[in-house]
Amino acid sequence: MVKKRVFLTRTLHDFALKELKKRYEVEIHSGKIPIPKSILRSKIVNVEGLICFPYDKIDRDLIDNAKNLKIISTYSVGFDHIDTKYAKKKKIRVGYTPEVLTDATADLAFSLMLDVLRRVSEGDRIIRDGKWNQIYGAYDYVGTDLQGMTLGIFGLGRIGSALAKRAKSFDMKIIYHNRKPISKNKEEVLGVKYVTFLKMISSSDVISIHVPHTKETNHMFNMKIFKKMKKSGFLINTARGKIINEKDLIEALNKKIIAGAALDVYESEPISKNHPLTKIQNVVLAPHIGSSTKETREKMAEITVKNLNLGIEGKSPIYSVGY
Ligand code: DGY
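Our subject in this report is the structure included herewith. Every value quoted in this text rests on a predicted model; they were computed, and no experiment measured them. (Residues numbered from 1 in each chain as written. Predicted model: local features only at pLDDT ≥ 70, side-chain atom pairs only at ≥ 80, totals over all residues. Heavy atoms only, no water.)

## What to know about the site of the ligand
Thinking step 1. Around the ligand, a shell composed of Ser76, Val77, Gly78, Leu101, Arg240, His288 and Ser291 is seen.
Thinking step 2. Between His288 and the ligand, the recorded distance is 2.7 Å, taken from a side-chain N or O atom to an oxygen atom.
Thinking step 3. Separating an oxygen atom of the ligand from a side-chain N or O atom of Ser291 is a distance of 3.2 Å.
Thinking step 4. Expressed as a share of its isolated accessible area of 230 Å², the protein-covered part of the ligand is 92%.
Thinking step 5. The class makeup of the residues in the shell around the ligand is two nonpolar, four polar and one charged. (Near = heavy atom within 4 Å. Polar contact = N/O pair within 3.5 Å; in protein donor to acceptor, adjacent residues only side chain to side chain. Areas by Shrake-Rupley, 256 points an atom, 1.4 Å probe, with all protein chains shown as cover. Nonpolar A, V, L, I, M, F, W, Y, C, P; charged D, E, K, R; others polar.)

In structure tokens:
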């Protein structure tokens, strides 16, 4: 029997490749990452399944060109890189990997918050630059306590709720904003209080973003919003870079309109070592590693393959966008 074809824009774990190779004719892109669009376009002309990553933009043009495609299985919880509406119109299923990365991403958001408030990465740079002897004064190099601070969670879904659990054990006050409040019962369990978006912006000491990137959330955090935040406020983003207007954030940090930021995601990734954010001390930068633990990445690979298999069989993926 002729094997169906599958294309991967980057390699996956050995166990996942083994599973794929049992069933399909597998081709894996091994060159430049992200894969250039022209290569991706030509590689998926005849495939039934595509495994992609958040850096791969899967637009109408690519979808139109992939005549046999049945499933796009993304190795990520985010799917803003895929034109999911158009895929659905073309009867192409889209699978993604939520749930398994909830704790890893919440852990990273929390560690970024601790890092920027306690200036851990900055301290690391001080030692490496041989400047430790310059910070002995009582007022030198002080951070901020987390205890008693108000954490504003923008998007209290799975990851936002997991962050709330962590923050509660650090005795933080937690407020949140969602399109709709969660049930009173859940609010009580998590120890969170619903507020309007503007109230969350103006009363939080730390704001952590946990919403998807959509037309509505694009550049939602801009200078107008930074000016409404506390001057002593911090911003954490482990969701998607485009939710923040980066140019405005750089200005807000440089002009001390807000106190600091810690980021795992950027408007355009990867950022270079000369990016303006790398010149600012009160910002912690992580290279998009929200889900990056051995255990979580393995679980994501397992689901990515299962989603792909189901889609090729004409069934709905375990985690499906649309249908
Ligand atoms: C995702 O899965 O969308 C994350 O951003 C990857 O770390």
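The rest of the description comes next.
## Focus on the sheet that holds strand S9 (residues 206-209)
Thinking step 1. The seven strands are arranged S8-S7-S6-S9-S10-S11-S12 in an open sheet whose pairing can be described as parallel. The open sheet has two free edges, formed respectively by strand S8 (192-194) and strand S12 (283-285), since each of these has just one partner strand. If you compare each strand with its neighbour and ignore which way they point, the axes differ by 20° on average.
Thinking step 2. Bridge analysis of strand S6 (residues 150-154) against strand S7 (residues 173-177) gives five bridges, and the strand direction is parallel. Each bridged residue has a counterpart across the sheet, and for Leu151 the counterpart in S7 is Ile174.
Thinking step 3. Here helix H7 (residues 158-169) sits on the sheet and contacts S6, S7, S8 and S9; the angle it forms with S6, its principal contact strand, is near 170°. (Pairing = 2+ DSSP bridges. Helix = DSSP H or I, 4+ residues; strand = E, 2+ residues; numbered from the N terminus. Axes fitted to C-alpha atoms, helices over the stretch in contact; angles between N-to-C directions. Contact = heavy atoms within 4.5 Å.)

## Some remarks on the pairing of strand S11 (residues 260-263)
Thinking step 1. Neither face of S11 is open: one carries Gly260 and Ala262, the other Ala261 and Leu263, and all of them are buried.
Thinking step 2. Strand direction decides the pairing type here: strand S10 (residues 234-237) and S11, joined by four bridges, are parallel. Pairing of Ile236 across the sheet is with Ala262, part of S11.
Thinking step 3. With helix H11 (residues 246-254) bridging S10 and its parallel neighbour S11, the resulting β-α-β unit is right-handed. (Buried < 20%, exposed > 50% of the residue type's maximum accessible area, 1.4 Å probe, protein only. Right-handed = clockwise from strand over helix to strand, strands pointing away.)

## As for the sheet that holds strand S5 (residues 93-95)
Thinking step 1. With respect to topology, six strands assemble into an open sheet ordered S2-S1-S3-S4-S5-S13, the strand pairing being mixed. In the strand order of this sheet, the two ends are held by strand S2 (24-28) and strand S13 (320-321), each with one partner.
Thinking step 2. As paired elements, strand S3 (residues 49-52) and strand S4 (residues 71-74) share four bridges and run parallel to each other. Paired with Ile51 across the two strands is Ser73, which belongs to S4.
Thinking step 3. Across the sheet, helix H1 (residues 14-23) is in contact with strand S1 (4-8), S2 and S3; its angle to S2 comes to roughly 135°.
Thinking step 4. In this fold helix H12 (residues 294-312) packs onto S1, S2, S3, S4 and S5, with an angle of close to 175° to the strand it touches most, S4.

## Description of the packing of H1 against H12
Thinking step 1. Close contact between H1 and H12 brings their axes to 9 Å; oriented N to C, the two are set at 15°. Relative to H12, the element H1 lies roughly parallel. Note on packing geometry: the crossing formed by H1 with H12 is right-handed. Here H1 contributes Phe15, Ala16, Glu19, Leu20 and Arg23 to the contact with H12, which in turn contributes Glu298, Ala301, Glu302, Val305, Leu308 and Asn309.
Thinking step 2. The residue makeup of the contact of H1 with H12, split by class, is six nonpolar, one polar and four charged. (Parallel < 35°, antiparallel > 145°, perpendicular 65-115°, else oblique. Left-handed = near helix turned anticlockwise from the far one by under 90°.)

## Description of a nonpolar patch on the surface
Thinking step 1. A contiguous nonpolar surface patch, about 410 Å² in accessible area, is contributed by Ile127, Trp132 and Tyr136.
Thinking step 2. Positionally, Ile127 belongs in helix H6 (residues 120-128). (Patch = residues over 30% accessible without salt bridge, like charges linked within 9 Å, V, L, I, M, F, W, Y side chains within 5 Å. Salt bridge = Lys/Arg side-chain N within 4 Å of Asp/Glu carboxyl O.)

## Focus on unusual backbone geometry
Both trends apply: most residues other than glycine have a negative phi, and most peptide bonds are in trans.
Thinking step 1. In this model, Ile33 is joined to Pro34 through a cis peptide bond whose omega is 0°.
Thinking step 2. Tracing the sequence through the fold places Pro34 in the loop between S2 and helix H2 (37-43).
Thinking step 3. Its identity as a non-glycine residue notwithstanding, Lys91 has a phi of 60°, on the positive side.
Thinking step 4. With respect to the helices and strands, Lys91 occurs in the loop between helix H4 (84-89) and S5.
Thinking step 5. Here the phi dihedral of Lys256 falls at roughly 60°; this positive angle occurs in a residue that is not glycine.
Thinking step 6. Within the element layout of this structure, Lys256 appears in the loop between H11 and S11.

## Section: the packing of helix H5 (residues 102-118) against H7
Thinking step 1. Two elements in contact, H5 and H7, have axes whose closest approach is 8 Å; the angle formed by their N-to-C orientations is 55°. As far as their axial angle goes, H7 and H5 are oblique. Crossing geometry of H5 relative to H7 is assigned as right-handed. Counting all contacts with H5, which are made through Thr102, Asp103, Thr105, Ala106, Asp107, Ala109 and Phe110, the residues of H7 involved are Arg158, Ile159, Ala162, Leu163, Arg166 and Ala167.
Thinking step 2. Here the contact of H5 with H7 is composed, by residue class, of seven nonpolar, two polar and four charged.

## Describing the environment of Tyr55
Thinking step 1. In this structure, Tyr55 sits in the loop between S3 and helix H3 (60-65).
Thinking step 2. Counting along the chain gives 25 residues from Tyr55 to Asp80, while the straight-line C-alpha distance between them is 10.0 Å.
Thinking step 3. Non-local contacts of Tyr55, meaning those with residues more than four positions away in its chain, are made with Arg10, Pro34, Glu269 and His288.

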